[in-house]
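Read off the chains here:
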Amino acid sequence: MIEPTLNNYVLISAVLFAIGFFGVLLRRNTLMIFMGLELMLVASTLGLVAFSRFNGVPDGNVFVFFILTVAAAEVAVGLAIIVALFRKRGTVQVDELNALKN
Amino acid sequence: MGSLLFNFFALLTVICAVGVVVNKNAVNAAMCFLLSLVGVAGLFVLLDAYLLAFVLLLVYAGAVVALFLFIIMLLDVQSGGKAKLRGITAGAAAISAAVLALGVLTIVRAPQTETALAEVEPVGASLKLYAYQLFTTYLLPVQIMGFLLLIAMLGVIVISKKIEAREDVK
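Given the structure is predicted, the values throughout are model-derived calculations rather than measurements.

Structural notes on the overall build of chain B
Then, number 1: Looking only at helices and strands, chain B has 6 helices and 0 strands in total.
Then, number 2: Along chain B, helices (α) and strands (β) appear in the sequence α-α-α-α-α-α when read from the amino end.
Then, number 3: Going through the 170 residues of chain B one by one, you find that 32% of them count as buried.
Then, number 4: Restricting the contact set of chain B to residue pairs at least 6 apart, pairs at least 24 apart contribute 60%.
Then, number 5: A total of about 10,700 Å² of accessible surface is found on chain B, and carbon and sulfur atoms cover 73% of it.

Some points on the pattern of salt bridges
Then, number 1: Under the counting rule described, the total for this entry stands at 1 salt bridge over all chains.
Then, number 2: Asp48 of chain B serves as the salt-bridge partner of Arg53 of chain A, at 2.9 Å between the closest nitrogen and oxygen. Taken together, the positions of Arg53 of chain A in helix α2 (residues 30-55) and Asp48 of chain B in the loop between α2 (26-46) and α3 (50-75) put the pair across two chains. Residue Arg53 of chain A shares its accessibility class with Asp48 of chain B, and that shared class is buried.

Notes on the packing of aromatic side chains
Centre-to-centre distance and the angle between the planes together describe a pair of aromatic rings.
Then, number 1: Taken as a whole, this structure holds 8 aromatic pairs over all chains when the rule is applied.
Then, number 2: A ring pair is formed by Phe63 of chain A and Tyr138 of chain B, whose centres lie 5.6 Å apart and whose planes are at 65°; its orientation type is edge-to-face. One end of the pair, Phe63 of chain A, is in helix α3 (residues 59-89); the other, Tyr138 of chain B, is in the loop between α5 (127-135) and α6 (139-169), on a second chain.
Then, number 3: Where Phe65 of chain A meets Tyr130 of chain B, the ring centres are 5.5 Å apart and the plane angle is 80°; that geometry is what we call edge-to-face. You can see Phe65 of chain A sitting in helix α3 and its partner Tyr130 of chain B sitting in helix α5, one on each of two chains.
Then, number 4: Relative accessible area serves as the criterion here: at 18%, Phe65 of chain A is assigned to the buried category.

Some remarks on the packing of helix α1 (residues 2-22) of chain B against α2 of chain B
Residue and element names in this part refer to chain B.
Then, number 1: Contact geometry for α1 and α2: axes closest at 8 Å, N-to-C directions at 155°. Taken together, the axis directions place α1 and α2 in an arrangement best described as roughly antiparallel. Regarding α1 and α2, the two cross each other, and that crossing is left-handed. In this structure, α1 contributes Gly2, Leu5, Phe6, Phe9, Ala10, Leu12, Thr13, Cys16, Ala17, Gly19 and Val20 to the contact, and α2 contributes Ala29, Cys32, Phe33, Leu35, Ser36, Val38, Gly39, Val40, Gly42, Leu43 and Leu46.
Then, number 2: The residue makeup of the contact of α1 with α2, split by class, is 16 nonpolar, 6 polar and no charged.

So, a nonpolar patch on the surface
Then, number 1: On the surface, a nonpolar cluster with roughly 590 Å² of combined accessible area is contributed by Phe147, Leu150, Ile151, Met153, Leu154 and Ile157 of chain B.
Then, number 2: Topologically, Leu154 of chain B is positioned in helix α6.

As for unusual backbone geometry
Then, number 1: Even without a glycine there, the phi angle at Asp48 of chain B is positive, about 65°.
Then, number 2: Here Asp48 of chain B falls in the buried class, since its relative accessible area comes to 15%.

As for the interface of chain B and chain A
Then, number 1: In this complex, chain B contributes 77 residues to the contact, which on the side of chain A involves 69 residues.
Then, number 2: The contact between chain B and chain A buries some 6,500 Å² in all, and 78% of this surface belongs to carbon and sulfur atoms.
Then, number 3: The three residues of chain B that bury the most area against chain A are Val21, Leu47 and Phe68 of chain B, which together make up 10% of that side's buried surface.
Then, number 4: The tally of links between chain B and chain A comes to 1 salt bridge.
Then, number 5: Applying the counting criterion to the chain B and chain A interface returns 8 residue pairs in polar contact (both at pLDDT 80 or more).
Then, number 6: When residues of the side of chain B that touches chain A are assigned to their parent elements, the largest contribution, 13 residues, is made by α3 of chain B.
Then, number 7: Considered class by class, the residues forming the side of chain B that touches chain A number 58 nonpolar, 14 polar and 5 charged.

Quick notes on α1 of chain B
Then, number 1: Over its 21 residues, α1 of chain B runs 30 Å from end to end, which matches the ideal 30 Å to within 8%, given 1.5 Å per residue.
Then, number 2: In this structure, the buried residues of α1 of chain B make contact with α1 (6-26) and α2 of chain A together with α2 of chain B.

Structural notes on the nonpolar core
Most often, soluble globular proteins have nonpolar side chains that are buried together.
Then, number 1: Within the largest apolar cluster, 65 residues are counted, with the highest numbers of intra-cluster contacts made by Leu31 and Met35 of chain A together with Tyr60 of chain B.
Then, number 2: When residues of this core are traced back to their parent elements, those giving at least two are α1, α2 and α3 of chain A together with α1, α2, α3 and α5 of chain B.
Then, number 3: The dominant element in this core, judged by the number of residues it contributes, is α3 of chain B, at 12 residues.
Then, number 4: Among residues more than four places away in sequence, those in contact with Leu31 of chain A are Leu79 and Ile82 of chain A together with Phe68, Ile71, Ile72, Leu75 and Val77 of chain B.

What counts and how
Residues numbered from 1 in each chain as written. Chains lettered and ligands numbered in written order. Predicted model: local features only at pLDDT ≥ 70, side-chain atom pairs only at ≥ 80, totals over all residues. Heavy atoms only, no water. Helix = DSSP H or I, 4+ residues; strand = E, 2+ residues; numbered from the N terminus. Buried < 20%, exposed > 50% of the residue type's maximum accessible area, 1.4 Å probe, protein only. Contact = heavy atoms within 4.5 Å. Areas by Shrake-Rupley, 256 points an atom, 1.4 Å probe, with all protein chains shown as cover. Salt bridge = Lys/Arg side-chain N within 4 Å of Asp/Glu carboxyl O. Phe/Tyr/Trp six-rings, centres within 6.5 Å; stacked < 30°, edge-to-face > 60°. Axes fitted to C-alpha atoms, helices over the stretch in contact; angles between N-to-C directions. Parallel < 35°, antiparallel > 145°, perpendicular 65-115°, else oblique. Left-handed = near helix turned anticlockwise from the far one by under 90°. Nonpolar A, V, L, I, M, F, W, Y, C, P; charged D, E, K, R; others polar. Patch = residues over 30% accessible without salt bridge, like charges linked within 9 Å, V, L, I, M, F, W, Y side chains within 5 Å. Buried area = accessible area lost by both parts, 1.4 Å probe. Polar contact = N/O pair within 3.5 Å; in protein donor to acceptor, adjacent residues only side chain to side chain. Expected span 1.5 Å × (residues − 1). Core = buried A, V, L, I, M, F, W, Y, C linked by side-chain atoms within 4.5 Å.

Laid out in structure tokens, this is it:
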């Protein structure tokens, strides 16, 4: 058996990103869209760690820390906004959130 | 051995990610997301980034997924129906899927990199190096991150307090 190469990791990262993006486009629920966004963030961290490991530089690993911090802050604010939206409108389906239309 | 573990974790990650996207039940989707994160953490361990694997599980599985589950139960979300497919949407989806498949094929077909994991020193394995980097090269981003977290915390408090205060006034 051969060891996995950088290409394998980048492929997994790209596939994960694509699945997350697919989720953002496909789902009609704001929470599910948000989960797809998180999936995309995780995919990008996997790519960073793989590149960092195969090139022997630590910078990619350090960037992952910042990405995790931003993701945590984003989740807190985003979920607070969703809860506020639900209180105001009584729904989190994107089809029904069209107050800015017309 | 490494290849076997890589295949296992990669399959776990991708299958559970698909489960997140296609699952009708929001709670099941969150659980799939959790399993997918475990797979990514396993891949991190295979890449010798032990600390990052630990932090990923701590932050994502411990905080983010728990928060998601709280909100799902709080809002009692119904499963969103399928979107109606219109002509222009279908066309755009077909084109973007083709471009995406092209990109993935390019990655698969690209000449394999010669470097094996054993040749490169695992820089992510030592805790000391993270600390050195964070307190020298990346000192300013660390400060900015601290500020960002403070702003996010204040923002969340303001967002969740405001409406209640208004209702009190009414």
